[in-house]
Amino acid sequence: MLPGVFYALVAGFLGAVASSSAKLSLGADYLKGVCETGLRTWGEQRKFRQADETTACDWLHIPLRLLCGGLLFTCNAVMWTFLAKALRYSSSSTRATVTTTASNFISSAFLGQLIFGETQITLWWVGISLTFSGLLVLQRASPQDGHQAAVAKKDE
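Residues numbered from 1 in each chain as written. Predicted model: local features only at pLDDT ≥ 70, side-chain atom pairs only at ≥ 80, totals over all residues. Heavy atoms only, no water.

## Structural notes on the overall build of the chain
Reasoning step 1: Along the backbone of the chain there are six helices and zero strands.
Reasoning step 2: In the chain, the succession of helices and strands from N to C terminus is α-α-α-α-α-α.
Reasoning step 3: Looking at the chain as a whole, 28% of its 156 residues qualify as buried.
Reasoning step 4: Total accessible area on the chain stands at roughly 10700 Å², and carbon and sulfur atoms take up 66% of it. (Helix = DSSP H or I, 4+ residues; strand = E, 2+ residues; numbered from the N terminus. Buried < 20%, exposed > 50% of the residue type's maximum accessible area, 1.4 Å probe, protein only. Areas by Shrake-Rupley, 256 points an atom, 1.4 Å probe, with all protein chains shown as cover.)

## Brief notes about the nonpolar core
Reasoning step 1: Counting 11 residues, the largest nonpolar core consists of Ala11, Leu14, Ala16, Val17, Ala18, Ala22, Leu72, Cys75, Met79, Leu83 and Leu111.
Reasoning step 2: Of all elements in the fold, only α1 (2-26) and α3 (57-89) reach the threshold of two or more residues within this core.
Reasoning step 3: Per-element accounting of this core gives the leading share, six residues, to α1. (Core = buried A, V, L, I, M, F, W, Y, C linked by side-chain atoms within 4.5 Å.)

## Quick word on helix α2 (residues 30-42)
Reasoning step 1: Compared with an ideal rise of 1.5 Å per residue, which puts 13 residues at 18 Å, α2 spans 18 Å between its outermost C-alpha atoms and is within 8% of the ideal.
Reasoning step 2: Of all the positions in α2, only Leu31, Cys35 and Gly38 are classed as buried. For α2, the buried positions fall inside an angular range of 65 degrees around the axis, keeping them on one side. Relative to its buried face, α2 has exposed residues pointing more than 90 degrees away, namely Arg40 and Thr41.
Reasoning step 3: As for α2, its buried residues are in contact with α1 and α3. (Expected span 1.5 Å × (residues − 1). Arc of directions from axis to C-beta. Contact = heavy atoms within 4.5 Å.)

## Describing the confidence of the model for the chain
Reasoning step 1: Confidence along the chain averages 82 in pLDDT terms, with 81% of residues attaining 70 or more.
Reasoning step 2: Of all helices and strands in the chain, the one with the weakest mean pLDDT is helix α6 (residues 143-155) (56), whereas α1 scores best (93). (pLDDT = per-residue confidence, 0-100.)

## Examining the pattern of salt bridges
Reasoning step 1: All chains considered together, the criterion is met by one salt bridge.
Reasoning step 2: Two residues, Lys23 and Glu118, come together in a salt bridge whose shortest N-O distance is 2.2 Å. Here Glu118 lies in the loop between α4 (93-116) and α5 (122-140) and Lys23 lies in helix α1, a separation of 95 residues in the sequence.
Reasoning step 3: The partly exposed category is assigned to Lys23, whose relative accessible area is 39%.
Reasoning step 4: Classification of Glu118 as partly exposed rests on a relative accessible area of 27%. (Salt bridge = Lys/Arg side-chain N within 4 Å of Asp/Glu carboxyl O.)

## Concerning the packing of aromatic side chains
Given two aromatic rings, their pairing is described by the distance between the two centres and the angle made by the two planes.
Reasoning step 1: Counted by the stated rule, this structure contains five aromatic pairs.
Reasoning step 2: Judged by centre distance (4.7 Å) and plane angle (90 degrees), the ring pair of Trp124 and Trp125 falls under edge-to-face.
Reasoning step 3: Judged by its relative accessible area of 26%, Trp124 falls in the partly exposed class.
Reasoning step 4: Among the aromatic residues, ring-to-ring pairing joins Phe6, Tyr7, Phe82 and Tyr89 into one connected group.
Reasoning step 5: Here the basic side chain of Lys23 rests over the ring of Phe116, its NZ or CZ set 4.5 Å away from the ring centre. (Phe/Tyr/Trp six-rings, centres within 6.5 Å; stacked < 30°, edge-to-face > 60°. Lys NZ or Arg CZ within 6 Å of the ring centre and 35° of its normal.)

## With respect to the packing of α2 against α3
If you want to describe how two helices pack, look at the angle between their axes and the distance between the axes.
Reasoning step 1: The contact between α2 and α3 brings their axes to 9 Å, and the two run at 125 degrees. Of the possible angle classes, the one that applies to α2 and α3 is oblique. Helix-helix and strand crossings are classified by hand; for α2 and α3 the assignment is right-handed. From α2, Leu31, Lys32, Cys35, Glu36 and Leu39 reach across to α3, where they touch Cys57, Asp58, Leu60, His61, Leu64, Arg65 and Cys68. (Axes fitted to C-alpha atoms, helices over the stretch in contact; angles between N-to-C directions. Parallel < 35°, antiparallel > 145°, perpendicular 65-115°, else oblique. Left-handed = near helix turned anticlockwise from the far one by under 90°.)

Encoded structure:
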C-alpha cells in the first residue's frame, strides 16, 4: 500500500508542475517580465534605454517558453507513468485516484503561490475541503458493502 500512496503523491505533484509549466509557456508575458526583473537585479542593464534598443529578454523569453512547453509534455508523461504504478500497487483504484487528486490540488495551490504569487481565498480552501470529504466518502465505501446490500435486497 505504501508504494502506491507514494506513486500517487508524486503523480499529483507532477500534474501540478505540468499545469504550471503550461501556464508559463502559454501565459501572456510572465516569463519576459521575470527575465527583465532578473536583468535589472543581477545584470547591469542601463536605467535609460532608447525605444529601438532591444534587450536579451526580447528574444530570451521564446526559448524559455519552449523549454516550459517541453517540461509540460515531460511532466505529463512521467505523471501518467507514476499514476499507472500507483494504480498497480494500491489496494484499490479509488485510493490511488483520491490520493493523486488531493496531491494535485494541494501542490497546485503551493506552486501557484510560489511561482505566480497567487493566494487562495478561504472559499477555495472550503471548496477543496468539501471535495476531499466527498473523495474520502467514496474511498471509504467498499465495493463489498454495496455487493452485500444488493444480495440482501435480491433475497427479499
